[in-house]
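Residue-level listing of the chains:
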Amino acid sequence: MRLGYAKPELNVETFSPKEDVSACMRPLTEFDSYIYLDLNHSGQYTRGEFMNGLATISAPDGHYLGVQTYALLRSLKPEGQLEKYNVGFSAYNHQYETTDFTLAESIVPRYRFQPLEVLDVKIADGRAYFNLT
């Protein structure tokens, strides 16, 4: 049902949404969960750039444009298949490696950051949202 809207003396009226209102914003878990977001475009994992399965993230609130997102893959065998690793990665300031790497000169586990899509991200009250449009 269409509602009527009329202002007889008005020639032009501009509708502009508030900056923080976007009907298209959805929790980032609808895109993927347990992901890493290069919020500052540094190319390395820093504190606060990990988002868990509840879209919770400890990065400062704000709008982040052109964020490269990553999933972390892991294998417990030297030649085993890499699978998504849904745990926060604690190696602060580690590069987002898209080739296999290990920690502390060990053979396993092997890790690799898998690039996902580039998204515009909004963080509000410790939760992450995205908009693909």
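This write-up is about the structure you can find in this document. (Residues numbered from 1 in each chain as written. Predicted model: local features only at pLDDT ≥ 70, side-chain atom pairs only at ≥ 80, totals over all residues. Heavy atoms only, no water.)

## Regarding the nonpolar core
Here is the rule: Only buried Ala, Val, Leu, Ile, Met, Phe, Trp, Tyr and Cys residues count toward a nonpolar core, and they belong to the same one when joined by side-chain atoms within 4.5 Å. The buried label applies to any residue whose accessible area, calculated with a 1.4 Å probe on protein chains only, is under 20% of its type's maximum; exposed applies above 50%, and partly exposed to all values in between. Numbering of helices and strands runs from the N terminus; a helix is a DSSP stretch of H or I covering at least four residues, while a strand is a stretch of E covering at least two. Every residue pair with non-hydrogen atoms within 4.5 Å of one another is taken to be in contact.
With 15 residues, the main nonpolar core has Leu28, Leu37, Leu39, Met51, Ile57, Val121 and Ile123 as its most contacted residues. Taken together, the elements giving at least two residues each to this core come down to strand 2 (35-38), strand 5 (62-75), strand 8 (110-124) and strand 9 (127-131). A total of three residues in this core trace back to one element, the largest contributor, which is strand 8. Residues in contact with Leu39, not counting those within four places in the same chain, are Gly48, Glu49, Ile57, Ala59, Tyr64, Val67 and Ile123.

## Structural notes on the side chain of Thr69
Put simply, the rule reads: Under this definition, polar contacts are N or O atom pairs within 3.5 Å; protein pairs additionally need one hydrogen-donor-capable and one acceptor-capable atom, and for neighbouring residues in sequence, both atoms have to be side-chain atoms.
Tracing the sequence through the fold places Thr69 in strand 5. Within the structure, Thr69 has its side chain in polar contact with the backbone oxygen of Glu117 (distance 2.7 Å). With sequence-adjacent residues up to four places away left out, Thr69 is seen in contact with Phe31, Ile35, Tyr36, Leu37, Gln114, Pro115, Leu116, Glu117 and Leu119.

## Details of the environment of Pro27
Looking at the element boundaries, Pro27 is found in strand 1 (residues 26-27). Pro27 sits in the partly exposed class, given a relative accessible area of 23%. For the pair Pro27 and Tyr129, spaced 102 residues apart in sequence, the C-alpha to C-alpha distance is 4.3 Å. What Pro27 contacts, discounting residues up to four positions off in sequence, is Arg127, Ala128, Tyr129 and Phe130.

## Brief notes about the pattern of salt bridges
For clarity, the cut-off: Note on definitions: salt bridges are taken to be side-chain nitrogens of Lys or Arg within 4 Å of carboxyl oxygens of Asp or Glu.
In total, this model carries four salt bridges according to the counting rule given. Residue Arg26 pairs with Glu30 through a salt bridge whose shortest N-O separation is 3.9 Å. By relative accessible area, which is 52% here, Glu30 ends up exposed. Across the pair Asp32 and Lys84 runs a salt bridge whose closest N-O atoms are separated by 2.7 Å. Taken together, the positions of Asp32 in the loop between strand 1 and strand 2 and Lys84 in strand 6 (residues 83-84) put the pair 52 residues apart, joining distant regions of the chain. The exposure class of Lys84 is partly exposed, given its relative accessible area of 34%.

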